[in-house]
Amino acid sequence: MSFTAQELDDIVTRRKNVQLSPHFSLNEMVATSHTEINNWPQEAEIVQNLQRCCETLLETVRARYNKPIHVNSGYRCPALNTKVHGSATSQHMTGDAVDFEIAGIANGDICAWIRDNMTFGQLILEFYTLGQPSSGWVHCSAVPPPGHKAGEVLTAVKDAATGKTKYLPGLHV
Ligand SMILES: [Zn+2]
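Here goes a summary of the coordinates provided. These numbers come from a predicted model, not from an experiment. (Residues numbered from 1 in each chain as written. Predicted model: local features only at pLDDT ≥ 70, side-chain atom pairs only at ≥ 80, totals over all residues. Heavy atoms only, no water.)

1. Some thoughts on the pattern of salt bridges
Thought 1: One pass over the structure, following the stated rule, counts 6 salt bridges.
Thought 2: Put simply, lysine 83 and glutamate 36 hold a salt bridge, and the shortest N to O gap is 3.5 Å. On the criterion of sequence distance, the pair formed by lysine 83 in helix H4 (residues 78–83) and glutamate 36 in the loop between helix H2 (26–30) and helix H3 (44–65) is long-range, its members being 47 residues apart. (Salt bridge = Lys/Arg side-chain N within 4 Å of Asp/Glu carboxyl O. Helix = DSSP H or I, 4+ residues; strand = E, 2+ residues; numbered from the N terminus.)

Below, the structure is given as structure tokens:
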């Protein structure tokens, strides 16, 4: 499913909500609790990137578990990314990455399944604690970040001493 140039123009200029894939809407992919920030995509390419995330990542995971996925964060405009202290090169800013969870399924288990069964850009298990299924979240991108190989798997943890985020290679669950 792809949008025509006219449809993309309507979406961007008229803030028209659309389904990006059978189970995911553009509204879901741009939602933020920071309602003071206009997080609507200003470029058609971002909408197309978000659609690729829905079609290639979210629908595949949803089909595996047959449960609704809660999207924590899809697109972030630069102002929103700054507000939430996102990385300066965050793939959320191009609509290439999505953070999500599934109620009742451990985020570590979801990441292990994605790693073993899917094609993706980069997969990060974020701030997960074994034994606490709903701790943390899954970050996944459809294409690799610039300078990275596709299929990179990382685990993000808070360094107890410095309070900074560390990225460990592979899944640590
Ligand atoms: Zn993320």
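2. Focus: the side chain of arginine 62
Thought 1: The topology assignment puts arginine 62 in helix H3.
Thought 2: No salt bridge is formed by the buried arginine 62; the nearest opposite charge belongs to glutamate 59, separated by 5.5 Å. (Buried < 20%, exposed > 50% of the residue type's maximum accessible area, 1.4 Å probe, protein only. Lys, Arg positive; Asp, Glu negative; His and termini not counted.)

3. Some details on the environment of glutamate 152
Thought 1: Looking at the secondary structure, you find glutamate 152 in strand E7 (residues 152–158).
Thought 2: A sequence separation of 116 residues divides glutamate 152 from glutamate 36, and the C-alpha atoms of the two residues are 34 Å apart.
Thought 3: If sequence neighbours within four positions are ignored, glutamate 152 has contacts with Phe120, Gly121, Gln122 and Leu123.
Thought 4: At 2.7 Å, the side chain of glutamate 152 and the side chain of histidine 148 are in polar contact. (Contact = heavy atoms within 4.5 Å. Polar contact = N/O pair within 3.5 Å; in protein donor to acceptor, adjacent residues only side chain to side chain.)

4. A few points about the sheet that holds strand E4 (residues 97–101)
Thought 1: An order of E3-E4-E6-E5-E7-E8 is seen for the 6 strands of this open sheet, with the pairing classed as mixed. With one partner strand each, in any of the chains shown, strand E3 (70–73) and strand E8 (165–169) form the two edges of the open sheet. Direction aside, the axes of adjacent strands within the sheet are offset by 30 degrees on average.
Thought 2: For E7 and E8, the ladder comprises 5 bridges, and the chain directions are antiparallel. For valine 157, the partnering residue across the bridge sits in E8 and is lysine 166.
Thought 3: Lying on the sheet, H3 is in contact with E3, E4 and strand E6 (137–141); it crosses E4 at an angle near 20 degrees.
Thought 4: The sheet contacts of helix H5 (residues 107–117) involve E4, strand E5 (122–126), E6 and E7, and relative to E5 the element is tilted by about 165 degrees. (Pairing = 2+ DSSP bridges. Axes fitted to C-alpha atoms, helices over the stretch in contact; angles between N-to-C directions.)

5. Observations concerning the nonpolar core
Across soluble globular proteins, nonpolar side chains have a tendency to be buried as a group.
Thought 1: Ranked by internal contacts, the top residues of the largest apolar core, which has 45 residues, are Leu20, Met29, Leu58, Val61, Phe100, Ile110 and Ile114.
Thought 2: Setting aside its immediate chain neighbours within four residues, leucine 20 contacts Met1, Phe3, Ser25, Leu26, Met29, Val47, Leu50, Gln51, Cys54 and Glu55. (Core = buried A, V, L, I, M, F, W, Y, C linked by side-chain atoms within 4.5 Å.)

6. Quick notes on H5
Side chains of residues three or four places apart in an α-helix project in the same direction, reflecting 3.6 residues per turn.
Thought 1: Looking at H5, one finds that the buried residues are Asn107, Gly108, Ile110, Cys111, Trp113 and Ile114.
Thought 2: Contacts made by the buried residues of H5 are with H3, E4, E5 and E6.

7. Quick look at the environment of tyrosine 65
Thought 1: By the element assignment, tyrosine 65 lies in helix H3.
Thought 2: You can call tyrosine 65 buried: its relative accessible area is 14%.
Thought 3: Once the C-alpha coordinates of tyrosine 65 and valine 12 are considered, the two residues, 53 residues apart in sequence, prove to be 32 Å apart.
Thought 4: Not counting the four nearest positions on each side in its chain, tyrosine 65 is found in contact with Ile102, Ile105, Asp109, Ile110 and Trp113.

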